[in-house]
Amino acid sequence: MAQQHSGLLNAPTGTGKTYAVWGGVVNAAMHAQAKKRGTKVLGLQAIWITPLRALAGEIAESAQRMCDGVGLDWKVGARTGDTSTKERAAQKKALPQLLVTTPESLHVLLATKGYADLFKHLDWFIVDEWHELLGSKRGVQVELALSRLKALRPQLGIWGISATIGNLEEAMDVLHGADQRAFAADRPRTVDPMGRPLYRQPPVLVRSTIKKPIEVRSIIPEEVERYPWAGHLGLKLAHRLLPIIEQSTSTLIFTNTRAQSEIWYHHLLDIAPELAGTIALHHGSLDRDMREWVEKALDEGRLKAVVCTSSLDLGVDFRPVETVVQVGGPKGVARFVQRAGRSGHRPDAVSRIWFLPTHALELVEASALRQAAEAGSIEARQPLFRCFDVLAQYLMTLAVSDGFSPTTVYHEVRSTWCFQDITPTEWEWLLTFITTGGKSLAAYEEFRKAAVDADGMIQVHARRVALRHRLSIGTIVGNESMAIKLIGGGRIGTVEEWFINQLKPGDVFWFAGRSLEFVRVQGLVAQVRKSREQKGKIPSWQGGRMPLTSYMAKVLRAQLTAGEGNAEMAAVQPILARQRETSIVPTEDELLIERFESREGYHVVIYPFEGRLVHEAMGSLLAFRMSLLRPITFSIAMNDYGFELLSDQPIPIEEALDNDLFSPQDLLSDLQRSLNATEMAKRKFRDIASIAGLVFKGMPGRPLKERHMRANSSLFFDVFREHEPDHLLLRQAYDEAFDVQLELPRMREALERIGRQRIVLKDPGRFTPFAFPILVDRLREKLTSEQLEDRIRKMTEHLEQGIRPRSAKASAAKRR
């Protein structure tokens, strides 16, 4: 790094990536300082981007210790949404030599008048946990910020740090920009088409040769039910966690959702009250002070266990963590390896992780995860393209600071990976959008936010517009949250507004590990008091269920027929044996379709093993295509392994197969006709409109209510759809609905794979072990927990006794 190289560092979790990169910067700074004896280093020298603001303070402390230890006279500071007003004011006068910040806070600095002076001494730009930002709009923010900083500081050294990522070369290209291709030429180019100097050194990929061992153990149930269903097993195995917690100095218990973490924390205290005071809860909706207390107590060894979500996936160092537990399938190899790395967070230590299944078939996932982790096979993280909402926000950021030259910034933006193919027409559309509101909104003055000055610069002159924009910088969007606050006490955290809206005064719910009684709502604050009730609702958060990643689905399909090679596969043999009695366990070259009748109607269950989102879209696609053969209606249920089509009349599956049911031809048009594409795009547009600045989220302390934001964005959507169908943000909403929500590219690949497989159609006469969990997922939406368990118990008794489910006709005859 002393030669001002740039690149990407990849190494296993816990091998010192943070210190390696920061040590290189410190070493380069020491060399530079030695050459300039007696000259005090002034101004911002390095920026460190972290995806989690909770990590900023931890990273800053570690970096400051290294500077102090080697005698480098640098001050290290942090700037995030949590930074106090006093600290921000001090930084405005003089920034530290190293600033640890987030993508959002970096863009706030770019929105400052005279921002170029802030960066005039900048030599280094480091992006930590780049794999977490890649493939998100926050990653696009980093790309855009770098395009401006590289223009200001052509020799800027840029480094990415990543622990778990499959497409390393592509990840490096995205970080360093499309303009890095200049290095592939036979002769080094020193200037770009605009005459600005490029880097003198191409980026380098640094891979660690350290093979960090991961020890994976599964908690095998003593008895495996041959008809498994999601959620039936996890809490029944909770008592098996107690000796693991007891024998470890400290344990992280990872769940996939915040609701699960609340349930598990409450249940562990129920079965082991002696854990009180030594076990804690940590997730992103808890108040910051509470999270920081947990992190500090964990670091100091005062806690035996923490039940957490992805909020503790990342971190510089948690020395006392000896053991990690994963509750339920993590749905991806990268996530599993990252969490395993929280244990033994040192180069010479073994990472230990226990897998606790929430239903028996997840043991197959555990076996697949172990093999993938041992082989070092990790999923790729796909970068985003053409995120025009983020670009519109970025252009406004430049406009509220010192303004920008459209020609100059156009070439900078084209140097990014995300916008490398943006056309002059699209660029002109964006400039028109921020200056006049575009064709549909040109008559409304409030959308004329920026102005084209006489010198051709685009700038915002209205202070109110500038203030609103600075308050809206960021790409993290979601359902509106309400603060939870004790009457006469402090704030506990946040819960989504829709959950609070269904509570009545006196209702009890569990949050932050406490039993709380809902009292009233004041503004966007839900006031509560402590309750002694032992039962209550558990908040849930929209979008909490994660689907299988594409690579995880691939290794799972291969594992199904792997035999009894390990304890996990040996444990699931009774399930697979029962499956083979009336059907088959498909190989990688087979697609299984099962057909049978029950009192509910006619069922067809298909098993692509491609994940929930793909199955949701594929189910709708196949239902539509079969409805073209004859009039028929379906209800659809799905899980990560397959999906069910249910109808009140026989399903023409054989006729459909003869008519290329799984053909990828006309996929997009058929999906648009089979799904409510307009409603899906409208939901996506709400977030896009917020990011692009069409919808203002409100002033601090006075946020706009969720229903108002939804109404405003829906109005814009309808106007654009009717009067400006080529609106870039409208087109982006449809693209995101299909490519992101429905994973259209992955679905196309799945259909092409199915086209090469042998289709096996079976008539098992009853629900099979593979079909049973899909049925339960459908019933879960209609029944309470008690009703569901009672219904499942009766069904499994009949299935175990070999009683064939009554046909729809027999049921109708009996009712008559």
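Residues numbered from 1 in each chain as written. Predicted model: local features only at pLDDT ≥ 70, side-chain atom pairs only at ≥ 80, totals over all residues. Heavy atoms only, no water.

A.B. asks: What is the right way to look at the sheet that holds strand β19 (residues 514–522) in this model?
C.D. replies: To summarise the sheet geometry, strands pair through backbone hydrogen bonds and adopt either a parallel or an antiparallel arrangement. Taken together, 5 strands build an open sheet; the order of strands is β17-β16-β20-β19-β18 and the sheet is mixed. One side of each edge strand has no neighbouring strand; the edge strands of this open sheet are β17 (491–496) and β18 (508–511). Direction aside, neighbouring strands of the sheet carry axes that sit 45° apart on average. Bridge count for β18 against β19 is 4 bridges, and the pairing is antiparallel. Across the sheet, the residue bridging to Phe 509 is Leu 516, located in β19. (Pairing = 2+ DSSP bridges. Helix = DSSP H or I, 4+ residues; strand = E, 2+ residues; numbered from the N terminus. Axes fitted to C-alpha atoms, helices over the stretch in contact; angles between N-to-C directions.)

A.B. asks: I keep staring at the sheet that holds strand β2 (residues 46–49) and nothing clicks. Help me out?
C.D. replies: Strand order in this open sheet of 7 strands is β3-β4-β2-β5-β6-β1-β7, and the pairing throughout is parallel. On the outer flanks of this sheet lie β3 (76–79) and β7 (204–207), each paired with one strand and no other. Averaged over all adjacent pairs, the angle separating strand axes in this sheet is 15°, with direction ignored. The sheet contact formed by strand β1 (residues 7–10) and β7 spans 4 bridges and is parallel. By the bridge assignment, Gly 7 is partnered in β7 with Val 204. This element, helix α7 (residues 137–152), spans β2, β5 (124–127) and β6 (157–162) of the sheet and lies at about 170° to β5. Set on the sheet, helix α8 (residues 168–176) makes contact with β1, β5, β6 and β7; between it and β1 the angle comes to about 140°. (Contact = heavy atoms within 4.5 Å.)

A.B. asks: Which parts of the structure should I look at to understand the nonpolar core?
C.D. replies: Nonpolar side chains in soluble globular proteins generally cluster together in the buried interior. Core analysis: the largest hydrophobic core is formed by 115 residues, its most contacted members being Phe 125 and Leu 694. No other element matches helix α14 (residues 388–400), which puts 10 residues into this core. Setting aside anything within four residues of it in sequence, one finds Leu 694 in contact with Phe 433, Leu 441, Phe 447, Lys 449, Phe 685, Ala 689, Phe 716, Phe 720 and Leu 729. Counting 64 residues, the second largest nonpolar core, distinct from the first, contains Leu 303, Cys 308, Met 569 and Ile 774. (Core = buried A, V, L, I, M, F, W, Y, C linked by side-chain atoms within 4.5 Å. Buried < 20%, exposed > 50% of the residue type's maximum accessible area, 1.4 Å probe, protein only.)

A.B. asks: Would you mind showing me how to read the pattern of salt bridges here?
C.D. replies: Pairs can form between side chains of opposite charge once their charged atoms are near each other. Applying the stated criterion across every chain yields a total of 32 salt bridges. A salt bridge links Glu 215 to Arg 352; the nearest nitrogen and oxygen atoms lie 3.6 Å apart. Separated by 137 residues along the polypeptide, Glu 215 in strand β8 (residues 214–218) and Arg 352 in strand β13 (residues 351–356) bring together distant segments of the chain. For Glu 215, a relative accessible area of 24% translates into the label partly exposed. Residue classification places Arg 352 among the partly exposed positions, given a relative accessible area of 34%. (Salt bridge = Lys/Arg side-chain N within 4 Å of Asp/Glu carboxyl O.)

A.B. asks: I would appreciate a short explanation of the environment of Asp 82 in the present structure.
C.D. replies: Here Asp 82 is to be found in the loop between β3 and α3 (85–93). According to the relative accessible area criterion, Asp 82 is partly exposed, its value standing at 22%. Residues Asp 82 and Arg 53, 29 residues apart in the sequence, show an inter-C-alpha distance of 7.5 Å. Every residue in contact with Asp 82, bar those within four places of it in the chain, is listed here: Arg 53 and Arg 288.

A.B. asks: What is the right way to read the packing of helix α13 (residues 362–375) against helix α19 (residues 550–559) from this model?
C.D. replies: Describing two packed helices takes the angle between their axes plus the distance from one axis to the other. Where α13 meets α19, the axes come as close as 9 Å, and the angle between the chain directions of the two elements is 110°. One way to sum up the angle between α13 and α19 is to call them roughly perpendicular. Note on element contacts: α19 touches α13 through Tyr 551, Met 552, Val 555, Leu 556 and Gln 559, opposite Val 364, Glu 365, Ser 367, Ala 368, Leu 369, Gln 371 and Ala 372. Looking at the contact of α13 with α19 residue by residue, the classes come out as 8 nonpolar, 3 polar and 1 charged. (Parallel < 35°, antiparallel > 145°, perpendicular 65-115°, else oblique. Nonpolar A, V, L, I, M, F, W, Y, C, P; charged D, E, K, R; others polar.)

A.B. asks: Would you mind going over the confidence of the model for the chain with me for this structure?
C.D. replies: A low pLDDT score tells you not to read the predicted coordinates there in detail. Averaged over every residue, the pLDDT of the chain is 86; the share at 70 or more is 90%. The element-level mean pLDDT for the chain is lowest in helix α31 (residues 808–815), coming to 33, with α14 highest at 98. Here residues 192–200 is modelled with pLDDT under 50, and outside its nearest four sequence neighbours on either side it reaches 27 contacts, counting other chains as well. (pLDDT = per-residue confidence, 0-100.)

A.B. asks: Help me out: how do you make sense of helix α27 (residues 728–741) in this one?
C.D. replies: Along an α-helix, residues three or four positions apart point the same way, because every turn accommodates 3.6 residues. Over its 14 residues, α27 extends 19 Å from the first C-alpha to the last, a length consistent with the 20 Å expected when each residue adds 1.5 Å. Remark: the principal bend of α27, roughly 25°, maps to Asp 735. Listing the buried residues of α27 in full gives Leu 728, Leu 729, Leu 730, Gln 732, Ala 733, Tyr 734, Glu 736, Ala 737 and Phe 738. Of the residues one or two after α27, Glu 743 is the one with positive phi, at around 50°. (Expected span 1.5 Å × (residues − 1). Bend = angle between axes of the 7 residues up to and from the residue.)

A.B. asks: Just to check I follow, could you spell out the pairing of β18 for this structure?
C.D. replies: Where a strand is regular, its side chains alternate between the two sheet faces. Judged by which residues are buried, β18 turns out to be covered on both faces: Val 508 and Trp 510 on one side and Phe 509 and Phe 511 on the other are all buried. As consecutive antiparallel partners, β18 and β19 are separated by 2 residues, and within that stretch Ala 512 has a phi angle of approximately 55°, a positive value.

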